[in-house]
Amino acid sequence: MDTTVAYPAMNPANLRSAMTTDLSWSSSQPTELAAFPALHAEGIQVHNWADWHIPLQKTVEAYWGMQGEKDKRLYAVTDAFAQNNGQLGVSDARYVNAIKLLLQAFTPIEYSAHRGYARVSRQLGSAPIQTQTLMQSVDHLRHHQIQTHALSHFNKYFNGLHSYPTWFDQHWFLAVAKSYADDLLSAGPYEFLVAMAFGYNQIISNVLYVPFMSAAADNGDMSTASAGFSAQSDKVRHQTAGLGLIEFLIHQDAANLSTIQAWIDKWFWRSVRLSSLVAIMQDYMLPTRTQSWLNSWTTYVQKPLQPVFTAWEKLGLNAPASWDHACEQQMHVSHQTWLRLCRYSSNLTLHVWAPSPDELDWLSHQYPGTFDALYRPHLQGMAHQMATGKQAPVEPAPVLCGTCQLPVAGIDRKDANEQAQKHQGRYFCGLHCQQIFNLEPEKHSLQASWNTQAWNPLSELFDGDVGQFTGSEDQKNFDEWNGHVHST
């Protein structure tokens, strides 16, 4: 007969340990290092993982219950959006191009983050890091899935969403996101953790999953907005745990400081360059605008990170070397990126257009002192060229930076190729990218050599509906569905 054994009740702290870190398994290897050789990879020393107190830690049972409830609410919204033909209620068909960019560039990075956290969970092997990284791996897989599901409805009615994994791997326009994901997955376990903690989660997540998702709701897209807000609640846990991990690694051994500082410098700048895509989504792709990219950067990146840097001073950590430059650059990045895309619009995977006079006035108000002087004349000239069909013929792809893979400004392909020979076949958009390249030249040289090789435009995968939005199939269909004809 089985005997019922009464165990003493555990306090909340002990119960949480029993349901998280105490679930670890014992290896048959003679030493922990034999089972997990990456524990001391990259020169990082961790003497006692038990000293890492993870904030907002969930038990396995609580975690799955919480995510299940979130999915129920999310899919109720996305199903209602689809059943009520929500695509007819968005502000304008131009808005769907922001959705295309979200799916093409950022959804694949979520899947790369899922793979990266799963790899780290196996490589490091210590119970606290295994528990945390396993849950974050599942989080990012969920984010990839819910974004794909939420955006899949638009694929039934609009062009440019069907082959996004192929475009992510091969299209020059998405090389900035592809190179970022590849850099993440090829990093060592500790660099990956720092990159996600201070790069992707602190910068990209903050500007993508809060202000842009709010803007999606303002433009009538509750499906995408709900998916974004559902993901953002996970990002809060990720950000808190990530910053705590950085402090933990520095407290573990003073020798870790210089390595972590170098990673913070690198991944901050890489994330800043990637955020250029979010910038054009905010400033140029939203028919209904409530917040500029500059305001989003100031509110969700610049101000929140200032107290973090102040706290880091006690640890010996400095703000990223490119911090001041990055903050100054945000006055220009959305306009520069949009103008370059319009210049090479013939083979993009989404539409471009010239802002209307009202939109130009809005941008002038949001960027006083710079927009009118530097960018309004170019955009007005581009509008005239588009309206008259007198755009100068251009090559299908620009010269891309050898590190961040964004188009290099101010030069054409011939001039850039001549200059690139002075930099081992690469041309760089600035000093920070060149410094990152010089730290790991062999690694970055393995990226597609967009500067020196011809680009295959993947024309067989296009809908035959690329380039300018005015007169496109997407515009014509949307106007017909809504019972009016667009005036040109």
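All residue numbers refer to position in the chain's written sequence, counted from 1. Side-chain atom pairs in this predicted model are given and counted only at pLDDT of 80 or more, local residue features only at pLDDT of at least 70, and totals for whole chains, interfaces and linings cover all residues. Remark: hydrogens and water are excluded; side-chain values derive from all non-hydrogen atoms of the structure.

Brief notes about the nonpolar core
Soluble globular proteins tend to pack their nonpolar side chains together in the buried interior. Here, nonpolar core means buried Ala, Val, Leu, Ile, Met, Phe, Trp, Tyr and Cys residues that are tied together by side-chain atoms lying within 4.5 Å of each other. Think of it in three bands: with a 1.4 Å probe and only protein chains considered, a residue is buried below 20% of the maximum accessible area for its type, exposed above 50%, and partly exposed in between. Membership of the largest hydrophobic core comes to 135 residues, with the highest contact counts inside it found for Trp 49, Leu 101, Phe 106, Ile 246, Trp 312 and Trp 338. A helix here means a DSSP run of H or I that spans at least four residues, while a strand means a run of E at least two residues long, and both kinds are numbered starting from the N terminus. The biggest single contributor to this core is helix H8 (residues 189-218), with 18 residues. Here, residues are in contact when the closest pair of their heavy atoms is within 4.5 Å. The residues touching Trp 312, leaving out its near neighbours within four places in the chain, are Phe 198, Leu 243, Ile 246, Glu 247, Ile 264, Leu 317 and Asn 318.

Side note on the packing of aromatic side chains
Aromatic pairing here means that ring centres of Phe, Tyr or Trp (its six-membered ring) are within 6.5 Å. Orientation follows from the plane angle: under 30 degrees is stacked, over 60 is edge-to-face, and everything else is tilted. All chains considered together, the criterion is met by 25 aromatic pairs. A ring pair is formed by Phe 154 and Phe 158, whose centres lie 6.3 Å apart and whose planes are at 40°; its orientation type is tilted. Per residue, the accessibility class of Phe 154 equals that of Phe 158, and both read buried. Ring geometry for Trp 172 and Tyr 344: centres 6.2 Å apart, planes at 75°, overall edge-to-face. Residue Trp 172 is found in the loop between helix H6 (164-170) and helix H7 (175-186), and its partner Tyr 344 is found in the loop between helix H14 (333-343) and strand S1 (351-352); the two are separated by 172 residues along the sequence. Put simply, the rings of Phe 81, Phe 154, Tyr 157, Phe 158, Phe 478 and Trp 481 pair up and form one aromatic cluster.

Some words on helix H11 (residues 276-283)
Owing to its 3.6 residues per turn, the α-helix aligns residues three or four sequence positions apart on the same side. Burial of H11 is extensive: 8 of the 8 residues sit out of reach of the surface. Of all the residues in H11, the buried ones are Ser 276, Leu 277, Val 278, Ala 279, Ile 280, Met 281, Gln 282 and Asp 283.

Remarks on the confidence of the model for the protein chain
Values of pLDDT, ranging from 0 to 100, describe the predictor's confidence in every residue of the model. Of all residues in the protein chain, 88% attain a pLDDT of 70 or more, and the chain-wide mean is 86. Predicted confidence for residues 411-422 stays below pLDDT 50, and this span has 21 contacts to residues more than four positions away or in other chains. In this model, residues 450-454 is a region of pLDDT below 50 whose contacts with residues beyond four sequence positions or in other chains number 20 contacts.

Looking at the side chain of Gln 405
Along the chain, Gln 405 falls in the loop between helix H16 (371-388) and helix H17 (413-420). Here a polar contact is taken to be a pair of N or O atoms separated by no more than 3.5 Å, where protein atoms must pair a possible hydrogen donor with a possible acceptor and residues adjacent in sequence count only if both atoms sit in side chains. Reaching out from Gln 405, the side chain makes a polar contact with the backbone oxygen of Cys 401 at a distance of 2.9 Å.

Let's talk about the state of the cysteines
Here, two cysteine sulfur atoms that lie within 2.5 Å of each other are counted as a disulfide. This structure, assessed with the given rule, holds 0 disulfides. Cys 401 takes part in no disulfide bond, and the closest cysteine sulfur, belonging to Cys 429, lies 3.6 Å away.

Quick notes on the packing of helix H10 (residues 256-274) against H11
Helix-helix packing is characterised by the crossing angle of the two axes and by the distance between the axes. Relative to each other, H10 and H11 sit at 35°, their axes nearing to 4 Å. Counted together, Val 272, Arg 273 and Leu 274 of H10 and Ser 276, Leu 277 and Val 278 of H11 form the full contact between these two elements. Looking at the contact of H10 with H11, its residues break down into 4 nonpolar, 1 polar and 1 charged. Axis definition: a line fitted to C-alpha atoms, over the contacting stretch in the case of helices. Angles run 0 to 180 degrees between N-to-C directions. Each residue gets one label: Ala, Val, Leu, Ile, Met, Phe, Trp, Tyr, Cys and Pro are nonpolar, Asp, Glu, Lys and Arg are charged, and the others, such as Gly, are polar.

What to know about helix H5 (residues 127-155)
In this scheme, a helix's expected span is set at 1.5 Å multiplied by one less than its residue total. With 29 residues, H5 should cover 42 Å at 1.5 Å per step; its first-to-last C-alpha distance of 42 Å lies within 8% of that length. Fitting one axis to the seven residues ending at a residue and another to the seven starting there, the bend at that residue is the angle between the two axes. Considering bend angle alone, the principal kink of H5 is centred on His 149 and spans about 25°. For H5, a buried count of 21 out of 29 residues is recorded, marking the element as mostly surrounded by other parts of the structure.

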